[in-house]
Structure formats: C-alpha cells, structure tokens
Amino acid sequence: MSKLVIRKVAVLGAGVMGAQIAAHCANADVPVVLFDLPAREGKPNGVVDKALAGLKKLQPEPFCGKDRVAYVDAANYDQHLAQLAECDLIIEAIAEKMEWKLDLYAKVAPHIRPDAIFASNTSGLSINSLSEGMPAELRSRFCGVHFFNPPRYMALVELIPTATTDAAMLDGLETWLTTKLGKSIVRAKDTPNFVANRVGVFSMLAVMHHTARMGLGFDEVDALTGPRIGRPKSATYRTADVVGLDTLAHVIHTMQATLPDDPWHGYYAAPAWLSGLIDKGALGQKTRAGIFRKEGKQIVVLDLAKQDYRPSGAEVAPEVADILKQRDPVEKFARLRASEHPQARFLWAIFRDVFHYCAVHLADIADNARDVDFAMRWGFGWSQGPFETWQAAGWQAIAEAIRDDIAAGEAMSDAPLPAWVFARAGVHEAAGSYSASADALQPRSDLAVYRRQLYPEQVLGETPPDRGETLWENEGVHLWRRADLDAGIGVLSITSKMHAIGSEVLDGVLEAVARAERDLDGLVIWHEPPFAVGANLMQVTEAIKAGQFDLLERTVAKFQQTSMALRHAMVPTVAAVQGMALGGGCEFVMHAAHRVMALESYVGLVEAGVGLIPAGAGCKHFAVQADALARRSAGGDVFAYVQNMFQTVAMATVAKGAREAIQLGFARSSDDIVFNPNELLHVALHRARAMAEAGYQPPQVERGIRVAGRDGIATCEMMLVNMHGGGFISDHDYTVAKAAATALCGGEVSTGSRVDAQWILDVERALFVELLKNEKTQQRIVHMLETGKPLRN
C-alpha cells in the first residue's frame, strides 16, 4: 500500500465541530482552509473569522498553543473554492440536513482533485446516500469520518465506508488519523447514528424512561450514573446539558425517522419535558439553563413534579452505595438484581436494557463486540463497554436474567435475545472478539500503524502484551526491556501509587541509571499515566512530625542527585511523558536528555501550592536556562528570562499541553510531541536508539552560570509587594515566592556573579528545608493530603 500524504486539509463548515476539527489539524502542524458561507455584512470571511475568535475563548481549549490559529486560513464558498484543489483531504462538517449537504457537494465537487479524499463528519446520516450525490469519479474517495466533541480531547473517530469506498484509501486514512491526529478508530457500518451514538443515545433514553417510571429526580439519577458505575462525572443529565438538548433531540429524531422497524422504536422520542425546555430556549450549557441551572453559587435542577427548579444535591442511598462498592462484578450485579431499593432496581434496569439492545443489534451496527466496547469507552468516556461489563458480571447468569425479565414484560422490548448469546460464555477471548454478522471471533486490525502501539488499550478477556524481561526492581521502580524490540534500551517504570516520588523511587532511579550506564545503550522512563504527581507528601509529613529535618535535607539532596544523574548519564535518558508531570515529576522531565511527550501532557512546578519551592534541581535548571538564553540575546540580560520563570514557579503554572510545556521552559523545541499516546513508548525507544547510535555524549555539569543575584531578587520582591498590597497573595504566598526568587536568582550574591550548578542546588535545598519548618507550609501539605486541593493561608 502506498503511503497516504496529506499536506493540507479543507474543512467545510465553521460551526462548533468544523472549527474544532480545523483547530486540531492545526495542532498537528497541518495547514487548514476553513470554509463557510460569505458573511451578509462586513468582511466576506466574517463567519469564519468569528468562529476562530470563538475558539480562543472556548474551554477546554481547542488549540494547543496560541500560535496554532495561524495554520488556519479563512475562506468562503463564493470566492475561494479554487483553493480546494490544493487540499488532499476535505472534511464536510455542516448542519445535519441531507439536502444541504448534497447541494454543497454539487458546488465543491468540480474543485476537488480526483486523488483527494472527501469525507463527511455526519453524526448519523447515511454515508451511502451522501455518496450518491457525488460525481461517480469521486465516490471511491468518499467516506464518513465522524469526530466526537471536543475533537482535540475525545479519542474516538468512527470511519464509515460506502459500498464503493476504496479499501486502500480507507486504510491510509485510518493510519493518518491514528498517528497524525492521535485518534482511536472504530470502523462503523452505515446504519443510523453509527455505533457510539446509537448505543449512547439509547442508553440515555433508557435512563430517561426508567427515571420517569420510578419517579426519580434528575440529580438523583446523575448521582447514580456517574463515576460510581464507571461513567463520566457529568453522568446522564449533565451530559445532556453539555451536549445541548437540541442536539440530543435531533439525534433522537434521526433514530425515530430512520429506524421504523427497530424493536425499541417506541422509545425513540424526546420526552415532553425535554421538548418543553427546547421550546423555551433552555438548551443546556450553551444557554446557561437546561436540566440544571446555576443561580448565584447554587446549582439547581428541574423538578418535574413542581414544574420548577429546586436545589440539586440528591445522594445515593447507603445500601445502594454499599452494593456499588462491591469489587466483584458478579456479586455486585447479583445484589443489584436482588435488591428491592428503587435505586438498585433502576440501575439493574438500565444495564439490562443496554445489554439487551447491544446483543440484538450487534450484527447490524458493528463488525464485532470489541468495536462497540471501544466506541463507548472512547466516545462516551465509559470505563468499560457494555459487553465487557456484561461478561465481567457473568455472561450466562446475566443472559438468563435478561431472558426472564423479557418474559415477565419488565424489559423495554420483548425482542428475544439472539441464539448466539446462549451459545457462548462471553464475546471477548484471547483469539478475538465475537462478530455476530460473521458468527466468528475477529482479531484486531493488522494495519501496520498498530504495530507502533506496543501496549494498546485492551478489552476484557484479551491476552496482555509481553511485559518484557525484568532487569532489576525495588519497591518504587521496575527496570525492564523488550529484547524483541531493542535489547539495548532499558525501560524504567515507576511503580508507586500515582507514581509519587519517595525515597524508594529515588534509590530505584539512581540504581537504574547506574545499570544503564554499565549494561545498556539508553534508558526510557515510561509507564501508564500520570507520569508523576510529585514528591511523596506522606513520607514528608511523617518526617516533619518526627522532627527529622536532617533526614529531609538528605532526601532533598538525593532528589537533586537523581535529577542530575538523569541529565548527566553516560547513556541517553528519554522521558516518555503523558498526563500529569508535576513538581518532582516535572523536574525529572526537565533533566532527561530528551523528552517524547504526548500532546496531552500537563507539566508544571507546582510546589508553591504546598508552600514549597522546586528543589529537585528545578530552580537550578531554570537558572541555567536563563543564562543560556541571555548569552544568545543581544542585551544579555539574565533577569529578562528569570522574570518569566519566576512567575511560572510562583504561580505554580501547569502547561495545558506539550506545546505549552515547551513555551514555559519545561521542555525544548527539539523534543518530540506524539499525538497518539499509545505510540509513546515506540517513539521513545527509537529516539533513545537514535541518540545512542549518534554517539550520545552528556552535557557537562554547568559552571560559570551568570545569575541575577540581589538585584533580581529585589525586582521580584517589588512585584510581590504590589501583589500583596492588592490582596492578591497572602503573607505566606509572599514568603514562598521570595524563596523561589532567591533560588532562581542564584542566592544573595552580586548581580551578574558567576556560580556553579552546585551553588544553586545548595541554595534551593536550604530554602526548601527552611520552608518545611514553617507551620503554614506544614498546614498546606496536610491539607493537600486530606483534600487533594491547595490551601490558601
């Protein structure tokens, strides 16, 4: 198969989805032309300009850096259609009206190159029907490519071929979407709403049906259908508000209009209360009122009985909460079925009806059960898909319970379970996942791109990939390698809870670096996210209570030694970063020889939040960086660079992604950004090997570092005085920030003095230990341990 090259993308439609798809292409350094109708007044591209301006305010942020918008060119259909000839991929993302889409296709088709790909982001219209509106010569290059909102953050893209879509083109597009945009692909059949929305919207309809049947409150149901059952915090009704009640109603209408023979067709209708809210313009989050509404600081919820809003706050009953805490899913579901409590009966009913629905429709909507489960994980944020949940709860026992409820008239439909359900012990096995349409197990895709995913997400029942050969381990780390991939590159995985860095981790990293220098060609630090949440505060608190400040100082010195070992190792050290890398974790990242970062890497020196400063060589690293930047600048003013670093440390700024981590100085422009986090280890191993093959030589320990000294400290303190006087910071904030300024400026020395790295390490360590003795810092540490939130004191 020839490689698919996409140099430029066009997105047709600058609405909520189209603009964000364009933004994510720009995140990936792919130039985009964003089209919409010409504005009725003002500049012809006013519609697109307004959409791009709106993206800058949207949360979560669609762009991964402020500079990304420069990759998006505004265009309109009247003036700029000729630009489509420059585009290799055209994605249509206009409103979900078949006639509008077909009219647009007729307009743009003459300008699309025959070798370009044309795709629709429709969320549920027939891809084959859309294809029939294309010129015959373009149909083989047409398919559905359904992103989920928000496109930057939601992993799922459903790829839907038509009867005439070129298979090789589809494989190439799947490869590009997977690696370049970081997406997780499910190939869907051309059925209404495809896979995720078909199951997800039915699940919401089932919840709505049983909410009304059992007389439960919307807030009570959300308390039940969120994280307690492995669903997102937004649960059901808050999710509806976020999606938009009008959007939800439209998707329901699509199912109603296109699935007349579905056994559940009678439920494909928006409830009267939902239509009533839409008629009033209460569409959810975008209108600041829907099922939930904020009144001052209070969240209120619609009460159907009162036909008015009331304070939200219903809770899960203790006996039901006890059932949901049960770790054994077999026991948990048995207790839900046996319980007479309305909340337990509600939960069993919604699970039962979704299981029933998925079993009946599996052959129609998906190639196999794995695709359904992944679609719900990646598109709706479920921790397990419906088939996984069923299988974990005891396949045959649940099947028999569903059959009994169907016979008793308790299920939403009287459609019988398919025969294959009773012929199997589950749908996921080591050999593959069950395909109802083929009546066989289907293995995973054999596309070459998936060989880059060494440890892909798995469904229940799959055989885990080889975890390699253990070289050494202690209580905090595991050093291992995959000889089948590269026997010369070791992988160091931190194994502590949340990958917090305690004494056992420090000892482990030092030992791993020493072994890598002796026996290996390179070292990659990689494990499942988060990368590291910082120092082990429990160990710190215990030492404070015991008055062991000498021990704490020795531990900080060891932390510094560990960071320096990563930086100055005789073999390349590569940090493979995904998720949070905070505090000491950030310092490890900063000191690695190279970083391979997932786009969604949230990196920051957050020590100020617990009343401390970076002392694992973080302040030293920034001081060295400031001197290096000053040497390359015309003025050579060190403080010009220290000032920004001081604000970053004092405000405990966390980068909102890998690109911002580079801008803030936590990483370098030469580091790698990987869009698909499942490819992180693959890229990191190859980067370490390339560095080793190039004759890697570590940097020398820095000497003669020019520092900002007393004048720099005084200038920082002036900023603090103004902030303190304005009530923006507390007395202790002032104390902590001044300590950070002192360390970053190289201590109480003359401005422009030249010092060695060890001098700055000694300064930051002494200031750190002094802050540990401060009662207010101790209060902050305890509060963080107890609540997970910073204390302002």
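Since the model is a prediction, treat every value here as computed from it, not as a measurement.

## Quick look at helix 16 (residues 395-407)
Here's step 1: Given a rise of 1.5 Å per residue, 13 residues ought to cover 18 Å, and the 18 Å separating the end C-alpha atoms of helix 16 matches this to within 8%.
Here's step 2: Those residues of helix 16 that fall on the buried side of the exposure criterion are Trp395, Ile398, Ala399, Ala401, Ile402, Asp405 and Ile406. The buried residues of helix 16 occupy an angular sector of 165 degrees when projected down its axis, which confines them to one face.
Here's step 3: Structurally, helix 16 contributes buried residues whose contacts are with helix 12 (329-338), helix 13 (342-365), helix 15 (386-392) and helix 17 (419-422).
Here's step 4: Immediately downstream of helix 16, the backbone of Gly409 shows phi near 75 degrees, a positive value.

## What to know about the side chain of Glu504
Here's step 1: The residue Glu504 is located in helix 19 (residues 503-519) in this model.
Here's step 2: For Glu504, the side chain forms a polar contact with the side chain of Gln539, separated by 3.0 Å.
Here's step 3: Here Glu504 is in contact with Asn474, Glu475, Gly476, Ser496 and Gln539, once residues within four sequence places are set aside.

## What to know about unusual backbone geometry
What you tend to see is this: most non-glycine residues have negative phi, and most peptide bonds are trans.
Here's step 1: Following Gln59, the chain continues to Pro60 via a peptide bond in cis, the omega torsion being -5 degrees.
Here's step 2: You can see Pro60 is positioned in the loop between helix 2 (46-55) and strand 3 (72-76).
Here's step 3: Residue Pro150 is bonded to the preceding Asn149 through a cis peptide linkage, with omega at 0 degrees.
Here's step 4: Among the secondary structure elements, Pro150 is positioned in the loop between strand 6 (142-147) and strand 7 (156-161).

## Section: the packing of aromatic side chains
Here's step 1: Enumeration over the complete set of coordinates arrives at 24 aromatic pairs.
Here's step 2: Consider the rings of Phe118 and Phe142, whose centres lie 5.7 Å apart with planes at 65 degrees: the pair is edge-to-face. Residue Phe118 is located in strand 5 (residues 117-120), and its partner Phe142 is located in strand 6; the two are separated by 24 residues in the primary sequence. In this structure, Phe118 and Phe142 share a single accessibility class: buried.
Here's step 3: Where Phe351 meets Phe355, the ring centres are 5.9 Å apart and the plane angle is 35 degrees; that geometry is what we call tilted.

## What about the environment of Ile494?
Here's step 1: As for its position among the elements, Ile494 is in strand 17 (residues 489-494).
Here's step 2: Of the residues examined, Ile494 reaches a relative accessible area of 3% and is grouped as buried.
Here's step 3: The spatial distance from the C-alpha of Ile494 to the C-alpha of Trp526 is 7.8 Å, given a sequence separation of 32 residues.

## Digging into the sheet that holds strand 4 (residues 89-92)
Here's step 1: The strand order 3-2-1-4-5-6-7-8 describes an open sheet built from eight strands, whose pairing is mixed. Strands with a single pairing partner mark the edges of an open sheet, and in this sheet they are strand 3 and strand 8 (184-187). The average undirected angle you get between the axes of adjacent strands in this sheet is 25 degrees.
Here's step 2: Relative to strand 8, strand 7 runs parallel, the two being bridged by four bridges. Along strand 8, the bridge assignment pairs Leu156 with Ser184.
Here's step 3: Its contacts with the sheet put helix 1 (residues 16-27) on strand 1 (9-12), strand 2 (32-36), strand 3, strand 4 and strand 6, and the angle it makes with strand 2 is roughly 170 degrees.
Here's step 4: Lying on the sheet, helix 14 (residues 369-380) is in contact with strand 7 and strand 8; it crosses strand 8 at an angle near 140 degrees.

## As for the pattern of salt bridges
Here's step 1: Going through the model one piece at a time under the given rule, you end up with 48 salt bridges.
Here's step 2: Here Arg113 makes a salt bridge to Asp115, at a shortest N to O gap of 2.8 Å.
Here's step 3: On the accessibility criterion, Arg113 (24% relative accessible area) is partly exposed.
Here's step 4: On the accessibility criterion, Asp115 (45% relative accessible area) is partly exposed.
Here's step 5: Salt-bridge contacts for Glu174 lead to Arg187; the nearest nitrogen and oxygen are separated by 2.7 Å. Highlighted residues: Glu174 in helix 5 (residues 167-179) and Arg187 in strand 8, separated in sequence by 13 residues.
Here's step 6: Connected through salt bridges with shared partners, the residues Asp29, Asp67, Arg68 and Arg659 form a single ionic network.

## Concerning helix 26 (residues 680-693)
Here's step 1: Taking 1.5 Å per residue, 14 residues should reach 20 Å; helix 26 reaches 20 Å between its end C-alpha atoms and fits that length.
Here's step 2: In the stretch just after helix 26, Gly695 is the one whose phi turns positive, near 80 degrees.

## A look at the side chain of Arg595
Here's step 1: Following the sequence through the fold, Arg595 ends up in strand 20 (residues 594-604).
Here's step 2: Only 2.9 Å separates the side chain of Arg595 from the backbone oxygen of Ala592, close enough to count as a polar contact.
Here's step 3: In this structure Arg595 touches Ala575, Val589, Met590, Phe666, Ala667, Arg668, Asp671 and Asp672, once residues within four positions along its chain are discounted.

## Quick look at the packing of helix 27 (residues 709-725) against helix 28 (residues 731-744)
The description of two packed helices rests on the angle between their axes and on the distance between the axes.
Here's step 1: Where helix 27 contacts helix 28, the two axes come as close as 9 Å, and the packing angle between them is 165 degrees. It follows that helix 27 is roughly antiparallel to helix 28 by the angle criterion. By crossing handedness, the relation of helix 27 to helix 28 is classed as right-handed. Residues Ile713, Cys716, Glu717, Leu720, Val721 and His724 of helix 27 lie in contact with helix 28, whose contacting residues are Asp731, Tyr734, Ala737, Lys738, Ala741 and Thr742.
Here's step 2: Of the residues belonging to the contact of helix 27 with helix 28, the class tally is seven nonpolar, two polar and three charged.

## Here's the deal with the sheet that holds strand 9 (residues 292-295)
Here's step 1: Here three strands make up an open sheet; going across it, the order is 9-10-11 and the pairing antiparallel. Of all strands in the sheet, those bounded by a partner on one side alone are strand 9 and strand 11 (308-311). Sheet twist, expressed as the average angle between the axes of neighbouring strands with direction ignored, equals 40 degrees.
Here's step 2: Sheet topology places strand 10 (residues 298-303) next to strand 11; four bridges connect them, and they run antiparallel. Among the inter-strand pairings, Asp303 is bridged to a residue of strand 11, identified as Asp308.

## Some points on the pairing of strand 13 (residues 432-435)
Here's step 1: Across two bridges, strand 12 (residues 428-429) lies against strand 13 in antiparallel orientation. Paired with His428 across the strands is Ser433, a residue of strand 13.
Here's step 2: Counted along the chain from strand 12 to the antiparallel partner strand 13, the turn is two residues long.
Here's step 3: Taken together, the three bridges between strand 13 and strand 14 (residues 440-442) define a ladder with antiparallel strand orientation. Looking at strand 14, one finds that Ser435 is bridged to Ala440.
Here's step 4: Hairpin connection between strand 13 and strand 14: a loop of four residues separates the two successive antiparallel strands, and Asp439 in this loop has a positive phi of roughly 50 degrees.

Analysis parameters
- Residues numbered from 1 in each chain as written.
- Predicted model: local features only at pLDDT ≥ 70, side-chain atom pairs only at ≥ 80, totals over all residues.
- Heavy atoms only, no water.
- Helix = DSSP H or I, 4+ residues; strand = E, 2+ residues; numbered from the N terminus.
- Expected span 1.5 Å × (residues − 1).
- Buried < 20%, exposed > 50% of the residue type's maximum accessible area, 1.4 Å probe, protein only.
- Arc of directions from axis to C-beta.
- Contact = heavy atoms within 4.5 Å.
- Polar contact = N/O pair within 3.5 Å; in protein donor to acceptor, adjacent residues only side chain to side chain.
- Phe/Tyr/Trp six-rings, centres within 6.5 Å; stacked < 30°, edge-to-face > 60°.
- Pairing = 2+ DSSP bridges.
- Axes fitted to C-alpha atoms, helices over the stretch in contact; angles between N-to-C directions.
- Salt bridge = Lys/Arg side-chain N within 4 Å of Asp/Glu carboxyl O.
- Parallel < 35°, antiparallel > 145°, perpendicular 65-115°, else oblique.
- Left-handed = near helix turned anticlockwise from the far one by under 90°.
- Nonpolar A, V, L, I, M, F, W, Y, C, P; charged D, E, K, R; others polar.

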